[in-house]
Amino acid sequence: MVTFMTRLNDARLIGGIGSLFYLASFFTGFHFTGSILLLIGLVLIGVAVKYISDETKDSTIFNNFMYFILITIIGSIVAIILGLGTFLLGAITIRRMFFSAILTFIVALIIVWVTFTIASTYLRRSFEQIKEKTNVNLFSTAGKFYFWGALLTIILVGFIILLIGIIFMVVAFFSLPDKLPEQAQTPMQQV
């Protein structure tokens, strides 16, 4: 007899593997390999979050995750454009506009930090909703660590907190139950 995996089983496997790719990208840096691992990880996590959202019939779980992705992409594009502009400005003017190039670079870093922090609030919301629907408290913990890590990256200690959040994310996905708890499957009744 052939048995098929449920959507939550799929989400557990896909989200866990995606989180592992995301974790691996953290250690490989921002070059080509790290970017590919990051992209694969985020896509797989997105698929898993979509499965959870469909299974719980709560579209806000997936919507919040997509806001996280969208804001992260927009912030990254703006930072890349400013970074390239800084590099070209510095290469063209060498000394005359050095201060301007440094200032542009600092503004790019601040934009990345602000967008990363805003984006992480949506990831935290998504993970908080997953926790409510699946009773896997590790999602809430992962979301909180990720948010605080993003917020504190400005003073560099945030990268360690962010790493802890990603590790909790891996464990949270692999801790998903085979089926939803009863209260998550039935709509709440009015009292």
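Look a little higher up for the structure.
Residues numbered from 1 in each chain as written. Predicted model: local features only at pLDDT ≥ 70, side-chain atom pairs only at ≥ 80, totals over all residues. Heavy atoms only, no water.

K.L.:
Talk me through the overall build of the chain; I want residue IDs and the actual numbers.
P.N.:
If you tally the helices and strands in the chain, you get seven helices and zero strands. Walking the chain from its N terminus toward its C terminus, one meets helices and strands in the order α-α-α-α-α-α-α. Residues counted as buried form 37% of the 191 residues belonging to the chain. Contacts in the chain between residues at least 24 apart in sequence constitute 67% of all its contacts with a sequence separation of at least 6. (Helix = DSSP H or I, 4+ residues; strand = E, 2+ residues; numbered from the N terminus. Buried < 20%, exposed > 50% of the residue type's maximum accessible area, 1.4 Å probe, protein only. Contact = heavy atoms within 4.5 Å.)

K.L.:
Account for helix H5 (residues 137–152), naming residues and giving values.
P.N.:
The terminal C-alpha atoms of H5, which comprises 16 residues, lie 23 Å apart, in line with the 22 Å expected from a rise of 1.5 Å per residue. Turning to H5, its buried residues are Phe 139, Ser 140, Ala 142, Gly 143, Tyr 146, Phe 147, Gly 149 and Ala 150. (Expected span 1.5 Å × (residues − 1).)

K.L.:
Before we move on, can you summarise the pattern of salt bridges with the specific residues and values?
P.N.:
When their charged atoms lie close together, side chains carrying opposite charge are able to pair. The final tally for this structure, using the stated rule, is five salt bridges. The salt bridge partner of Lys 50 is Asp 54, with a shortest N-O separation of 3.1 Å. With Lys 50 and Asp 54 both in helix H2 (residues 32–56) and four residues apart, the pair spans about one turn of that helix. When its relative accessible area of 34% is taken as the criterion, Lys 50 is described as partly exposed. The class of Asp 54 is partly exposed, set by a relative accessible area of 31%. Each of Arg 7, Lys 50 and Asp 54 takes part in one network of salt bridges that share partners. (Salt bridge = Lys/Arg side-chain N within 4 Å of Asp/Glu carboxyl O.)

K.L.:
Any chance you could break down the side chain of Asp 58 for me, citing the residues and the numbers?
P.N.:
Relative to the assigned elements, Asp 58 resides in the loop between H2 and helix H3 (59–93). Buried Asp 58, no salt bridge; nearest opposite-charge side chain is Lys 133, N-O distance 4.0 Å. Residues contacting Asp 58, with those up to four places away along its chain left out, are Ser 53 and Lys 133. (Lys, Arg positive; Asp, Glu negative; His and termini not counted.)

K.L.:
So, helix H1 (residues 7–28): which residues are in play, and what are the values?
P.N.:
An ideal rise of 1.5 Å per residue puts 32 Å on 22 residues; H1 measures up with 31 Å between its terminal C-alpha atoms. What H1 keeps buried is the set Leu 8, Asn 9, Ala 11, Arg 12, Gly 15, Gly 16, Gly 18, Ser 19, Tyr 22, Leu 23 and Ser 25. One or two positions beyond H1, positive phi appears at Gly 29, with a value near 90 degrees.

K.L.:
Give me the packing of aromatic side chains: which residues, what numbers.
P.N.:
Under the definition given, this model contains eleven aromatic pairs. Ring plane angle 80 degrees and centroid distance 6.1 Å describe the contact between Phe 127 and Phe 173, whose orientation is recorded as edge-to-face. Pair noted here: Phe 127 is in helix H4 (residues 98–134) and Phe 173 is in helix H6 (residues 158–174), with a separation of 46 residues, a long-range link. Among the residues examined, Phe 127 registers a relative accessible area of 0% and is labelled buried. (Phe/Tyr/Trp six-rings, centres within 6.5 Å; stacked < 30°, edge-to-face > 60°.)

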